[in-house]
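Structural overview for review
Each chain is listed here by its residues.
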Amino acid sequence: MPTYHIEKSKSGRAACKAKGCGEKIAKGEYRVGTTNMKDDHEMTAWKCLKCFLPGPKSFKQSDSDPVKWCADNLTDLRDDATVEMVLEAMEATLAKPKPAPKSPEKMLKIRAAAEANIIDDDGPKKKLKVDPSSSVSATELDAFEIYSGMKTDAIKDYLRWNDMMLKGNKDQILNKVIDAHIRGRLGRCPDCEGKVSIDEDDDEVIKCKGSWNEEAGCRVTCFNQWPKEKYPYRLPFVKVSPSDDEIEKIVEANKAAGKTGGIDGKIAVKAELVDMDDVNITTPDGLKVAVPKILQACRVMNVELPADDHAAKVACAQIVMSQKTEGVTAIDAILKAIATKFGVKKTAEQEADVASRAASSCTIAENGPFVQIFKTLSELYMKDGNFQASNTYKKAAKAINECSYLIDDEHLKHMHKPKHEYKLEGLGKAAVDYMKEFKKTGEVGKIKEKKEKLGML
Ligand SMILES: [Zn+2]
Ligand SMILES: [Zn+2]
């Protein structure tokens, strides 16, 4: 089995090895290497992206899903824009012609409603009318008016400014922009920091598209999804071209939106409970009083600092100092930095959201609680710095997520055994033991143990 590798050409010397091409691949252009074992040596042949993208045979001959193919084969592909470009080109060249990408249902309705208006409208421009029997709202029609006349690239700019996925045909892109214009831009996935997007097959669903994981050194697939109306991590839609610095902040805010479950809201709540008016970190005396106050505010905000007050104060003081060196002295900004670093305890409602996401993404919804166990373990091990274990549990979560049967006691006896008909790839004996324990007691001792170790209980 060959392996594939995509990178920007380091020199301009290599020529494309594809039949009939032979063009030099300019420095900085993408090139794809196909590596095969020959005798005992690895042989890599480079092709220019244009020649590679019709896809290797293994991809074209299978019904393989391009997203999965890329995740499995182009494991070093970390830049989202390139991933999107490669995916799009690969999808376009699938051996079996794909049905023309369909317009989202919502867009068809909006278009129909807009057309009905145009026919009616022969006088001076009137406010758009909405047929009360249609599910299209006046706000949606207004947003359609703003964006529908623009070129696709201009609409994509809005998505780019807001750190959103660009993929799709014009209607799919319009649909994303209209949704974000009205409801707010999409923050990133709380579990993997990947970009989320309206699903191309079901425009009532928002799905995570996975992300590059620095520690694991590969792209990880993710299976989080939400009903569009309930997606909780929205931020204001950026409508004016931002500077590079601002774009960086937008990306950070999008990541934080998922990770912290709305820190800004918590900071607002804290303001009513802890008086921070006289806190000043710019003087030595001010600093002394500031740290205990900041800790008090963090406790109110349910920031997951160590339970021990002394350890928590040390942690707060470190962030205060590092922020101060960067010239940040505003208390809310410091609170936000602490909350972003340590995370904020989820409210009961957010816990329920996590659980329902686990269930709704499962092939068998009832297996959701098991997925939840392994996602939790994966997070805890990640926090603890054990990335290998974290990845193992992520794989276990994925295995259960895709499991096609409702897991019962009989399955639990056999699902870790190699070659058994119930065997799930990615699930070891230890993992199955946790599931048995959970089934019996409703708890997993290891989770409690880890949380205690991390000072979270
Ligand atoms: Zn070529
Ligand atoms: Zn994700």
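Residues numbered from 1 in each chain as written. Chains lettered and ligands numbered in written order. Predicted model: local features only at pLDDT ≥ 70, side-chain atom pairs only at ≥ 80, totals over all residues. Heavy atoms only, no water.

Notes on the overall build of the chain
Let me state the cut-off plainly: Numbering goes from the N terminus for both helices and strands, where a helix is a DSSP run of H or I of at least four residues and a strand is a run of E of at least two. Exposure categories follow from relative accessible area, calculated using a 1.4 Å probe and restricted to protein chains: below 20% of the type maximum is buried, above 50% is exposed, and the middle band is partly exposed. A contact between two residues is defined here by any heavy atoms of the two lying within 4.5 Å.
Assigned secondary structure in the chain consists of 19 helices and ten strands. Relative to its full complement of 457 residues, the chain shows a buried share of 44%. At a minimum sequence separation of 6, the contacts of the chain that also span at least 24 residues come to 58%.

Some words on the coordination of the zinc ion (ligand 1)
What counts, and what does not: Metal coordination here is assigned from N, O and S atoms located within 2.8 Å of the ion, or within 3.2 Å for Na, K and Ca; omission of water means that sites may look incomplete.
For the zinc ion (ligand 1), every protein donor is listed as Cys16 (SG), Cys21 (SG), Cys48 (SG) and Cys51 (SG), and the spread of their distances is 2.3 Å. Written as a sequence motif, the donor arrangement for the zinc ion (ligand 1) is C-x4-C-x26-C-x2-C. For Cys21, a relative accessible area of 23% puts it in the partly exposed group.

Details of the pairing of strand β2 (residues 30–38)
Just so we agree on the cut-off: Two strands qualify as a pair provided that DSSP identifies no fewer than 2 bridges between them.
Bridge count between strand β1 (residues 3–8) and β2: six bridges; the pairing is antiparallel. Pairing of Thr3 across the sheet is with Thr35, part of β2. The pairing of β2 with strand β3 (residues 41–48) spans eight bridges and is classified as antiparallel. Bridge pairing links Val32 to Lys47 in β3. Following β2, the chain reverses through two residues before pairing antiparallel with β3; Asp39 in that reversal takes a positive phi of roughly 50°.

Some details on empty space enclosed by the protein
What counts here: A 1.4 Å probe that fits but cannot get out identifies a cavity on a 1 Å grid over protein atoms alone, an open set with protein on both sides within 12 Å along at least five of seven lines counts as a pocket, and a residue lines either if it has an atom within 4 Å of a point. Grid points are joined across faces, edges and corners, and a volume is the space filled by probe spheres set on the points.
With the rule as written, the count across this model stands at five cavities of 30 Å³ or more. There is about 50 Å³ of room inside the largest cavity. Surrounding the largest cavity, Pro104, Gln172, Asn175, Lys176, Ile198, Asp199 and Glu200 form its lining. Examining the composition of the lining of the largest cavity, we find that three residues originate from one element, helix α8 (residues 170–183), more than from any other.

Examining the confidence of the model for the chain
We apply this condition: In predicted models, pLDDT denotes the confidence assigned by the predictor to each residue on a 0 to 100 scale.
Looking at the chain, pLDDT values average 81 and 79% of them are 70 or higher. Across the chain, the element-wise mean pLDDT spans from 59 in helix α10 (residues 263–273) up to 95 in helix α7 (residues 152–161).

Quick look at the packing of helix α15 (residues 368–383) against helix α16 (residues 387–401)
A pair of packed helices is captured by two measures, namely the crossing angle of their axes and the spacing between those axes. Threshold: For every element, the axis is a line fit to its C-alpha atoms; helices are fit only across the contacting stretch, and the angle between N-to-C directions ranges from 0 to 180 degrees. If an angle is under 35 degrees, it is roughly parallel; if it is over 145, roughly antiparallel; if it lies from 65 to 115, roughly perpendicular; otherwise it is oblique. Crossing handedness: left-handed means the near helix sits turned counterclockwise from the far one by under a right angle, and right-handed means the same turn made clockwise. Only Asp, Glu, Lys and Arg are considered charged, only Ala, Val, Leu, Ile, Met, Phe, Trp, Tyr, Cys and Pro nonpolar, and every remaining residue, Gly among them, polar.
Contact pair α15 / α16: the axes reach a minimum separation of 8 Å and the direction vectors enclose 165°. Taken together, the axis directions place α15 and α16 in an arrangement best described as roughly antiparallel. Every pair of crossing elements has a handedness; the one defined by α15 and α16 is left-handed. On the side of α15, the interface is formed by Phe370, Val371, Phe374, Lys375, Leu377, Ser378, Tyr381 and Met382, while α16 contributes Phe387, Ala389, Ser390, Tyr393, Lys394, Ala396, Ala397, Ile400 and Asn401. Across the contact of α15 with α16, the residue classes tally to twelve nonpolar, three polar and two charged.

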